[in-house]
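A structural walkthrough
The lines below spell out each chain.
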Amino acid sequence: MADRSPAPPETAGSGRTHSTTSGEKRFQNSLALGHSFKRVTLTKPTFCHHCSDFLWGLIGFLCEVCNLMCHEKCLKTLRSLCSSVAPSAVRIPVAHCLARDARKRRVCCVCRKQTDGNGALRCEVCELHVHADCAAFSCADCRSCHVDGTPRQDTFYHHWREGNLSPAARCQVCRRSCGSSDLLAGVRCEWCGVTCHTACHPSMAPECNLGRLRRVMLHPARVRLQSRNFSKRHCFRIAEGDARRPDDGDDVDAPAVVSKDGQPTTPDRGKQFLKVYDGDDGLRRGRFRLVSVVRAAGNEEALEAALRAFYLPDDPQDFQLQEVGGLGRLRNDDVLNRNGGPDGGGGDAWILRAKGGRSEVIKVYGGAARWGADFVSVRVSEDSTAASVVAEVLRRLALQKDDVTRFDLQEVLMSGKRVQKQTLTPQQNILDKLHDIRKMSLRQMNLTRFYVAERRSQALQVSLLIGGLPPLLSKEQYWQLMQEQLIVKSHLVDISHVYASQGAVGLRLSCLSEAERVFMLAKDTDVNDKWLTSLVIPDVQVGPPGEDARPLLVFVNAKSGGLKGKDLLYGFRKILNPHQVFDLSNGGPLPGFHTFRALPSFRVLVCGGDGTVGWVLGELEALRHQLACREPPVGIVPLGTGNDLSRVLRWGAGYSGEDPAHILACADEADEVPMDRWTVLLDARDLGENGVETFPEAPKIVHMSNYLGVGIDAELSLDFHQARQDDPDKFTSRFHNKGVYVKAGLQKISATRSLHRELQLHVDGRDVPLPNIQGLIFLNIPSWGSGADLWGSEPDARYGKPSIDDGLLEVVGVTGVVHMGQVQSGLRSGIRIAQGNYVRVTLRKAFPVQVDGEPWLQPPGHIVVSAAGPKVRMLRKSKAKQEKSAGGAKDGRSESSAPSDGVHL
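Residues numbered from 1 in each chain as written. Predicted model: local features only at pLDDT ≥ 70, side-chain atom pairs only at ≥ 80, totals over all residues. Heavy atoms only, no water.

The subject of this paragraph is the overall build of the protein chain. What the protein chain contains, in helices and strands, is 18 helices and 47 strands. A buried classification covers 54% of the 905 residues belonging to the protein chain. Put simply, 70% of the contacts in the protein chain that link residues at least 6 apart link residues at least 24 apart. Summed over its atoms, the accessible surface of the protein chain is roughly 38700 Å², and 49% of this surface lies on carbon and sulfur atoms. (Helix = DSSP H or I, 4+ residues; strand = E, 2+ residues; numbered from the N terminus. Buried < 20%, exposed > 50% of the residue type's maximum accessible area, 1.4 Å probe, protein only. Contact = heavy atoms within 4.5 Å. Areas by Shrake-Rupley, 256 points an atom, 1.4 Å probe, with all protein chains shown as cover.)

This is the structure we're talking about:
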């Protein structure tokens, strides 16, 4: 896997000494660490990046490339890599998925300076935080979350990420504090979450067991995905409409002219500024770095400064500065003391070039376990070809008996935002290839690797999920639509799954280019005025028998909870495998269930309000027969306003900023409990003037988990729902939502409506007389209207004690808004009317109706409520975890709204 691990202890030593500038002697620790240190005198409190202690009024050592600061005593034990050599420590190159991060203050992983929150970027998959102008100098060391068609070793290793630890983090080895919010100190495994000092890191075992959450983690070795033709956003189904995401290109430098340290340059009489372009690509794109040198500096000092500006660890003697527009004139000691500023032309603009050579040494990597070494150094000359390099590598590894023609030489570009692979032809001249890359960009050469890969005849398979199709069609009809709309090739594409009720099909493709074409074309296609959706779906393998793993399938309603829904989505992707976290606004619950369809055991965690939970339970009921795990238990993270079901299951009244890792641990230890689900048949009928019965609209069926309301309760919910649709931006906090609901109730405090004259109630086949009420409510759970006990706790010999799995509904009435307010305050309970398992309500006129907080106006007719078949399994938080969460919970009035979830008071 990709890893930016600190260097091992045996690599520490003394490196070459640089020339002196202004009487300051410069040092470089070791060639493996790549730092270029100079002794500095401190004028303000500074922390050592190695031991985190103060450097107050003392002499410190500062790396001129990555800004690492440390004591002189810490040089011997320093293990943090410089950003210039970080690409050499990557095991398996994996690109990052960068997006804007304007809120959180972090430390840049490239230049080790604080991000200001405006031009900061973060990776959606790992804990990489960088400035916008530093992103181009990050390396592809993101987490490897799936197997991309290449064989992997059975051993799973830690993925260490330096810095950005919590100040409360403790070292796993010495148990001392290792975190800091001010500097890039300490390391953390991005899979198991263990933290330790960089000095203590080598004593840790290299193997990772995924830590406390290993049972709920989807192991990366079980996920197969051919992802070479898709971006990271496509692979992890990250919404492309995110306004905070940067451009798709690799160049994410800030548009303003900046110097090496990222600060705007200011005139200095003792210095001159050089515009330095990195090869022809930098000149073509207009991307340059301002390099500051003293006016008396020679050619060597200027080259050193230019190499540091582009994070290049090479020897300055192998490079030269070529003047732009100067007929190829080289920069030497005679071209000095120019007075031009940053906007000057001519002699202030230079291209950094590599000196040509007739032979070079390259490192050739391999992925096979039998190699016994990470890479082999091979010297290439003018006659070296890809075939000769492969033969030399196999000879050095004593593998001459293997057929050389079965191996290829691959060129891999591993920049921070993309990893590109290209197989070289056997006749390709390697030295010419190196010269071409260096002429284009020296930074690109530093990020280019060569691999010897064995040719394998692997069955190529890419899975896509196409949604938005007309529902309830046959497989043949869906195939005809695919050929008409997407022009799929029958010999490369096959329909693997059909979800007729959802209007979606799963496609299996055996060609990467065809998969990319179908994926992109589907996003721009509409059928019956409805746009299609297209998602890349990984192939999840079943684990060995007897394994106790039960991965957690996480659904997050990003529209719920204000910004809390997006924060949870981001937090869960960092802790879990991103392939098990799904945004409900991007395809709904179907992609998640389709991905987990083959797993015999898994759990579901729904982050949203009661409406979101009902949505997921409805999809689960429709897809149950296509899942290997027919009844996965469902847990809740309450992001809505009412959250009655989450209260009953001990998940709390609302999410208030709990640690996502603690939520996942609670889901792992939660108890499974059964719960009734109910089918609600809405049959609209109207008796005309001549006595002939008409049907104004077709019957429809909805499912209920919490409660059903007819009358004043549903009318208030409908008014709130319409107000939120008119101006959704105002409904961003739970406290504001309740205020709007109270205001709507006060406006109806004098309204009167006698339901006993306008509807008829039948429970278990018998007529039930109704008292003079304004609202009729059918309860499945002992919580209503944000936690109120509408049924009451008084014993009654006529009825049994309510339970979520007793197979009975409780029928309760309310006399008006004042009565509802008294129930909310605990002064009264509702009017108990009946208890049964089959209910039929006859409406003589149109009434507001709401099911689990989703309201509408129901025409006259019948409402029939009956059991929906098998009970669903829910996750109930353990009492110990509930008490721990309650002790550290924040004020429940924090922002939380659910645009599609019910609200009651």
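All told, the structure shown has twelve aromatic pairs when counted by the stated rule. Their ring planes at 75° and their centres at 5.3 Å tell us that tryptophan 791 and tyrosine 799 sit as a pair that is edge-to-face. Classification of tyrosine 799 as buried rests on a relative accessible area of 16%. For the cation-ring pair, lysine 275 lies above phenylalanine 288, with the distance from its terminal atom to the ring centre recorded as 5.2 Å. Sitting over the ring of phenylalanine 375, lysine 363 keeps its end group 4.7 Å from the ring centre. (Phe/Tyr/Trp six-rings, centres within 6.5 Å; stacked < 30°, edge-to-face > 60°. Lys NZ or Arg CZ within 6 Å of the ring centre and 35° of its normal.)

Attention shifts here to a negative patch on the surface. Taken together, the side chains of Glu300, Asp314, Asp315 and Asp318 make up a negatively charged region of the molecular surface. You can see aspartate 318 is positioned in the loop between helix H3 (299-309) and strand E14 (319-323). In this structure aspartate 318 comes out as partly exposed when scored by relative accessible area, which is 45%. (Patch = residues over 30% accessible without salt bridge, like charges linked within 9 Å, V, L, I, M, F, W, Y side chains within 5 Å. Salt bridge = Lys/Arg side-chain N within 4 Å of Asp/Glu carboxyl O. Lys, Arg positive; Asp, Glu negative; His and termini not counted. Charge placed at Lys NZ, Arg CZ, Asp CG, Glu CD.)

Glancing now at the pairing of strand E42 (residues 831-836). Within E42, five of the six residues are buried, leaving the element largely enclosed by the surrounding structure. Pairing of strand E41 (residues 809-814) with E42 involves five bridges; the strand directions are antiparallel. Residue pairing for E42: valine 811 is matched across the bridge by alanine 834. (Pairing = 2+ DSSP bridges.)

This brings us to the packing of helix H9 (residues 564-575) against helix H13 (residues 660-669). H13 packs onto H9 with a crossing angle of 70° between their chain directions and a minimal axis gap of 9 Å. Relative to H13, the element H9 lies roughly perpendicular. Contacts between H9 and H13 involve Leu568, Phe572 and Ile575 from the former and Pro660, Ala661, Ile663 and Leu664 from the latter. (Axes fitted to C-alpha atoms, helices over the stretch in contact; angles between N-to-C directions. Parallel < 35°, antiparallel > 145°, perpendicular 65-115°, else oblique.)

Residues of helix H17 (residues 817-824) that are buried: Val817, His819, Met820 and Val823. Axial view of H17: buried residues confined to an arc of 160°, hence all on one face. Looking one or two residues past H17, glycine 826 carries a phi angle of roughly 85°, positive in sign. (Arc of directions from axis to C-beta.)

In this section: the sheet that holds strand E12 (residues 271-278). Backbone hydrogen bonds are what pair the strands of a sheet, in a parallel or an antiparallel way. Taken together, four strands build an open sheet; the order of strands is E13-E12-E15-E14 and the sheet is mixed. The outermost strands of the open sheet, each flanked by one partner alone, are strand E13 (288-294) and E14. Direction aside, the axes of adjacent strands within the sheet are offset by 40° on average. Where E12 lies against strand E15 (residues 349-354), four bridges are found, and the strand directions are parallel. Residue pairing in the sheet places valine 276 in a bridge with tryptophan 350 of E15.

For glycine 765, the position within the fold is in the loop between strand E38 (759-763) and strand E39 (766-768). On the basis of relative accessible area, glycine 765 is assigned to the exposed category, the value being 73%. Through-space distance from the C-alpha of glycine 765 to that of arginine 840 is 8.4 Å; in sequence the pair is 75 residues apart.

Enumeration according to the criterion identifies 34 salt bridges in this entry. Notably, a salt bridge pairs glutamate 190 with arginine 161, separated by 3.5 Å at the nearest N-O pair. Of the two residues, glutamate 190 is situated in the loop between strand E9 (187-189) and strand E10 (195-196) and arginine 161 in strand E8 (residues 160-162); the sequence distance between them amounts to 29 residues. For the pair formed by glutamate 190 and arginine 161, the shared burial category is buried. Across the pair glutamate 514 and arginine 517 runs a salt bridge, and its minimum N-O distance is 2.8 Å.

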